[in-house]
Amino acid sequence: MPDRSNQFPHLSLRLVKEGIASAPPGGGGRVSAITLANRGDAGGHGSKLKSSVDLITTNWKEEKKKRKEEGKPELPDAVSFILQVDPDLFDADALKSFGIEVVADLEHGYIIGASADTELSELRKKIEQFIKSQRGGGKVPEIWEILEGTRRPEYILSDGLKAEWNQILEQQEYIVDIGISCINIQEQYSRCPKRKESESDERYQNRVDQWLDKHNLSPEDWDDLYSERTDKLQEFINQYNGEILRNVAGDEIGTSRLPDCFSCRIRILGKGLKDLVLNFPYIFDVSEPDEFSAPSVTPNESDSDREIFTLEAPDPNAPKVCVIDSGIQELHPKLRGAIDSQHSRSWVPGELDMTADYVQGGGHGTRVAGAILYPRGIPSTGFQKATCWVQNARILDGGNQLPKKLFPPKVLEEIVEFYHYQTRTRIFNHSVAGISPCRTQSMTPWAAAIDKLTWEKQGDFLFIVAAGNIEANVSFVTRPSISAHMQAARVYPDYLLSPSARVANPAQSFQALTVGSVSHSSYQNPPFKSIAEADYPSSFSCSGLGIWDTIKPEVVEYGGDYVIDSSTSPSFTKPPSVCPELVRSTLDGGKAVSADAVGTSFAAPKVAHIAAALAAAFPQESALFYRALIIQSARLPNWTNESVEKLYQGVRTMGYGIPSLGRALGNSANRVTLTTQGNERICARQAKVYQVQIPETLLRQGEGFDILIEITLSYVAEPRRTRRHRRKYLSTWLDWTCSKKGEDPQKFLDRVLKKYNEAPQDADEGEGLFRWTLGKRQFRPNSDDQRRPRGIDGIVKEISRSTGTVQKDWAKVQSYDLREGFCIAVVGHEGWNKSSEATAPYSLVVSFEAVNSEISIYDAFIQVQQPLQVQQEVQMTIS
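The rules behind each value
- Residues numbered from 1 in each chain as written.
- Predicted model: local features only at pLDDT ≥ 70, side-chain atom pairs only at ≥ 80, totals over all residues.
- Heavy atoms only, no water.
- Helix = DSSP H or I, 4+ residues; strand = E, 2+ residues; numbered from the N terminus.
- Contact = heavy atoms within 4.5 Å.
- Areas by Shrake-Rupley, 256 points an atom, 1.4 Å probe, with all protein chains shown as cover.
- Axes fitted to C-alpha atoms, helices over the stretch in contact; angles between N-to-C directions.
- Parallel < 35°, antiparallel > 145°, perpendicular 65-115°, else oblique.
- Left-handed = near helix turned anticlockwise from the far one by under 90°.
- Phe/Tyr/Trp six-rings, centres within 6.5 Å; stacked < 30°, edge-to-face > 60°.
- Buried < 20%, exposed > 50% of the residue type's maximum accessible area, 1.4 Å probe, protein only.
- Nonpolar A, V, L, I, M, F, W, Y, C, P; charged D, E, K, R; others polar.
- Core = buried A, V, L, I, M, F, W, Y, C linked by side-chain atoms within 4.5 Å.
- Pairing = 2+ DSSP bridges.
- Salt bridge = Lys/Arg side-chain N within 4 Å of Asp/Glu carboxyl O.

Chemist: Would you mind showing me how to read the overall build of the chain here?
Modeler: Looking only at helices and strands, one finds 19 helices and 37 strands in the chain. Look at the contacts in the chain between residues 6 or more apart in sequence, and 80% of them connect residues 24 or more apart. By element, 46% of the accessible surface of the chain is carried by carbon and sulfur atoms, the whole surface being about 33200 Å².

Here it is in C-alpha cells:
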C-alpha cells in the first residue's frame, strides 16, 4: 500500500501488450478530376509541362548571364521554380526521383522546388515517359503545373511583408527573418524505398539499409552542405551591404538549425531583399521581426507591501524556473529569498551586465517572477517557503521590447544551453509574445526552436509560454483592438473566435505548454462592468485554434480582465478587483505589491508554479510527465456544459481549462489517477496497450453511477520547418485509443493493429463506443480546398483531440459499462523520419472519478491493481 499520510498518490499504469503492425500496401487518396483529365491527355498535358520546363531553364540561363553583366551577387548553381501538384495523391518527397529538392511544401498542393540539374533532365525524362506511356512517368499527371520562381513572394512572405512588397525602397535598410532549406541525414529517410506488398520486416529493412548506404549524407557531409549554403547566403547579403546578425558575444553566426533548414535574422538593403526573395533558390520563408506591446498599467494603492511577511528560501535542491523576460528586481523583499542570483544573465545588447527589470510602471519580469512564487496572491503575514528557485534571463529592454539584434531562436538556444547544462534547469517561463496572430502555413523559427530544443532534451524540460494579448485600444493591421471589435458590433466573446484573435508567435509551438487568461471575478458598478464574468475567458486573451488546427492555448489561468463603461465606445479601466495581485518592481517608485496589470503574461507563470511543484514532488520524472499531469488536472468551467456551442467556445478559448495543483499532485477518495513512469518510447507502426483493472464494485449492473474518465497523452518528436502539416513536421506522431464498452483486451489489441494505417487513423467505428468530448475526427483537404471529415467525431464536432503533441479527452460513462480490464493503446505513426529506429518518448495519464457520488473508489482501485505480466510482443500483418 502506498503512503497516504498526506495525499492519495498516483498509481502505476501497467503495460500489458505490445504489437507491431506491418505497413499496409500503398494506396492513394481520391483521384481529382484534374489528375484524371491529365491521365487521359498525355500528349497535351505532357507538352504543356515541357513548355514550362523549357521556359524556366531558358530564363534561368538568361538571368544568370544578365546578373554577371550587372555585377549582381552570384547565386547557388540551382534552378528554382514552383510546382502545383495533386494535394490528395502526390507526396512532395517523391520529387527526389525527379531530381528536385523540396524547398518547401506549401498549402493547396504548391511546392517550391530547386534542382542542381539546371537542365531539369530527370524531370524532362519523366514527362517524356508519361507522353509515351512508358514505365516511370506514372506520377506526372499528378503534377498539374510548373511555374517560375518569380511568383515566390506570394508563397513565402509574411502577411505584413506581402502588403509592403511593392513599397520596398531599394536603398532603405530592412531587418528580416529568413528560412533556408538545407537537408541533413535524417531527411534521407523520408525518401527511402517503400515497402512492397507482403514484404517481411527483415527484407524491407535490408533494402532500406542498402539504399541508405548509397544515398545518405554523413553528418560531416551535411555540415559541409550547411556551410556551403550559409557561405553563399553570406556572400549574397554582403554585396548588398548587409549581414547575418550574430549572437550577443559576436563570435558565432546567428543561425538556428533544424534537420531540414536553418533560419537567421539578416540586415539588408531593400534591393537586396527583393533579389533574395525572387532569386535565391533555397529560401522558403521571409518575415519581419515580431513587435511587442508594453503592459498597460493602472496605478492603484495597496498596503500589502509591509515587511510582516517573509519569504523563505527553497531547499537547495529545489526545482529551478528560468524567467526569460525583461529582467527581475532581484532584491525585492518579496522575491530575494528565492532568486538564484549567481546565474542571472542579460542578453540585451550593450547591457550584458544589467539584469534588473527596467520596464516603467512596475516592471514585467518582476511581476512574472512573483506570479511563479505567489500564484494566488501575496500573503501579508507569516512565513512561506518558496517552491522553487527563480532564475533571471533578461532579453527584453527597458521598453519591454526584444531588440532586433536578438534573433529569438538563437537566444533561446543560448539560454537553454547556459541554464540546462549549468544548473539542470528544466522549466522555462517565456511570457513574451508578438502582437500579431501566428502564421498558419509553416512553423516560425521562434516556435520551431522551442520544439527543437524540447526534442533535443527528449522532453526533459518544459517551455511555458503566454498565448498573447489583444490590446484594449491600440489596433494593428492583423490584430484589431477590443475597442475596434466593439465599435464594429463584434461582441464578446464572439470576437475571440475570429482569426485575428489567434494566439501570437511563438505560442503556436507544438511542444510548448501555451497558457491563456481567464477572469477571476465579475465587476458590476453601473455604468462600469467587467467585460468577462468570473471563469470566462479574459477579453484580451488570444485563442485557438492554432497552426494546423491544434488546441491552443492548452490551459488558462487567472490573468484578470478589463472594465468598460459602454459596449459601443468604451473607456477601459482596471480596478484592483479585476486584476491579479502581483509583485511590482519599485525601481521607479511605487508600491511593492499591487493589482494594476492584466495579461496572459501573468497567467503563464501560475502554470509554471504547478510545474515546479510537480518537479519537487516527482524529481525523477521528465517534463513530459509534468505537462501530462497539468493537462490532466485541467477542467473547463461549468458554464461550458450548458450546450455543445458553449463547450466548443470553451475549448477554442480555454483549451482544456483551468489546471488544479491538487489534482496534478494527487487524488481524492472518489478519484484515482494512473500514470506511466519514466519516458516510454514508441516507434511507428507500434502499439503499446495499457490495462487498468476496474474494481468489481463499479461493474455491478444494479449499482451504476457516473464515472468521469480522463486520458492525456504527452509526447515529443523532432520537428522540421519546410513541411506544411504535423504529419510531415514531426519525425514520428502519436495518438491514443481505448477499448469499447465491455471489449476484451485481446480483441482490443487485434482491432488496434488491424485498423493501423499510415494515413491519419480513422476514429473507431461501430457500437459500444464511449462518447468522448473531442474524439479523433480527422480532416483532409481535397483538390477543391474543401475539408472532408474522416471517422467518427466526439461531442464537439469541429475539433480533434489527436492533432497536437499533447492530447486529452474525457467522457462520462456508466460504471457498469466498463469492463474488468479497461485498455488504452498508444499508437505510433510515421512522420518524416522513415527509419525503423526512429522513436518518440511519451507519458500517458488516465483518471477515473466518481461524479456526484460519495462512493470511495480510490481504495477499491488499489486493491485490484496487482502486478500484470508484460506479454510477449505480438507481430501481426494487416490483411
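Additional details are given in the paragraphs that follow.
Chemist: Just to check I follow, could you spell out the packing of helix α2 (residues 42-70) against helix α3 (residues 121-131) for this structure?
Modeler: Helix-helix packing is characterised by the crossing angle of the two axes and by the distance between the axes. Taken N-terminus to C-terminus, the directions of α2 and α3 make an angle of 165°; their axes are 9 Å apart at the nearest point. Relative to α3, the element α2 is oriented roughly antiparallel. Both α2 and α3 take part in a crossing whose hand is left-handed. Of the residues in α3, those in contact with Ala42, His45, Gly46, Ser47, Leu49, Lys50, Val53, Asp54 and Thr57 of α2 are Leu123, Arg124, Ile127, Glu128, Phe130 and Ile131.

Chemist: Hey, could you run me through the packing of aromatic side chains in this one?
Modeler: Aromatic ring pairs are described here by two measures, namely the spacing of the ring centres and the angle between the planes. The final tally for this structure, using the stated rule, is 28 aromatic pairs. Ring geometry for Phe236 and Phe280: centres 5.9 Å apart, planes at 80°, overall edge-to-face. Residue Phe236 is located in helix α7 (residues 219-238), and its partner Phe280 is located in the loop between α8 (270-279) and β11 (283-287); the two are separated by 44 residues in the primary sequence. For the pair Phe236 and Phe280, one class covers both residues: buried. Ring plane angle 70° and centroid distance 6.3 Å describe the contact between Phe625 and Tyr626, whose orientation is recorded as edge-to-face. For Phe625, a relative accessible area of 3% gives the class buried. Of the residues examined, Tyr626 reaches a relative accessible area of 1% and is grouped as buried. Grouping aromatic residues by their ring pairs yields a cluster made of Phe770, Phe822, Phe848 and Phe861.

Chemist: Any chance you could explain the packing of helix α9 (residues 365-373) against helix α13 (residues 604-617) here in plain terms?
Modeler: The interhelical angle for the contact between α9 and α13, taken along N-to-C directions, is 40°, at an axis separation of 7 Å. When the interaxial angle is binned, α9 and α13 end up oblique. Between α9 and α13 lies a crossing whose hand is right-handed. Along its contact with α9, which presents Val368, Ala371, Ile372 and Leu373, the element α13 presents Pro605, Lys606, Ala608 and His609. Per-class residue counts for the contact of α9 with α13 are 6 nonpolar, 1 polar and 1 charged.

Chemist: What is the right way to read the nonpolar core from this model?
Modeler: Side chains of nonpolar character tend, in soluble globular proteins, to be buried together. Membership of the largest hydrophobic core comes to 120 residues, with the highest contact counts inside it found for Ile415, Phe463 and Ile464. By residue number, the principal contributor to this core is α13, which donates 8 residues. Residues contacting Ile415, with those up to four places away along its chain left out, are Cys322, Ile324, Trp347, Ala393, Ile395, His420 and Phe428. Judged by nonpolar contacts, the second largest core, of 89 residues, contains Ile180, Phe262, Tyr842 and Phe861.

Chemist: Whenever I open this one, the sheet that holds strand β3 (residues 79-85) confuses me. Can you help?
Modeler: Sheet strands pair by backbone hydrogen bonding; their relative direction is either parallel or antiparallel. Overall, antiparallel pairing links the 4 strands, which are arranged β4-β5-β3-β6 in an open sheet. Every other strand in the sheet has two partners, leaving β4 (101-105) and β6 (143-148) as the edge strands with one partner each. With direction set aside, neighbouring strand axes in the sheet form an average angle of 30°. As paired strands, β4 and strand β5 (residues 110-115) are joined by 4 bridges and run antiparallel to one another.

Chemist: Please explain the pairing of β4 as it appears in this structure.
Modeler: One face of the sheet, then the other: side chains in a regular strand alternate in exactly this way. Counting buried positions over the 5 residues of β4 gives 5, a clear majority of the element. Joining the antiparallel neighbours β4 and β5 is a turn of 4 residues, in which His108 adopts a positive phi near 60°.

Chemist: Help me out: how do you make sense of the pattern of salt bridges in this one?
Modeler: The final tally for this structure, using the stated rule, is 41 salt bridges. The closest approach of N and O atoms between Lys64 and Asp77, which form a salt bridge, is 3.3 Å. Of the two residues, Lys64 is situated in helix α2 and Asp77 in the loop between α2 and β3; the sequence distance between them amounts to 13 residues. The class of Asp77 is partly exposed, set by a relative accessible area of 47%.

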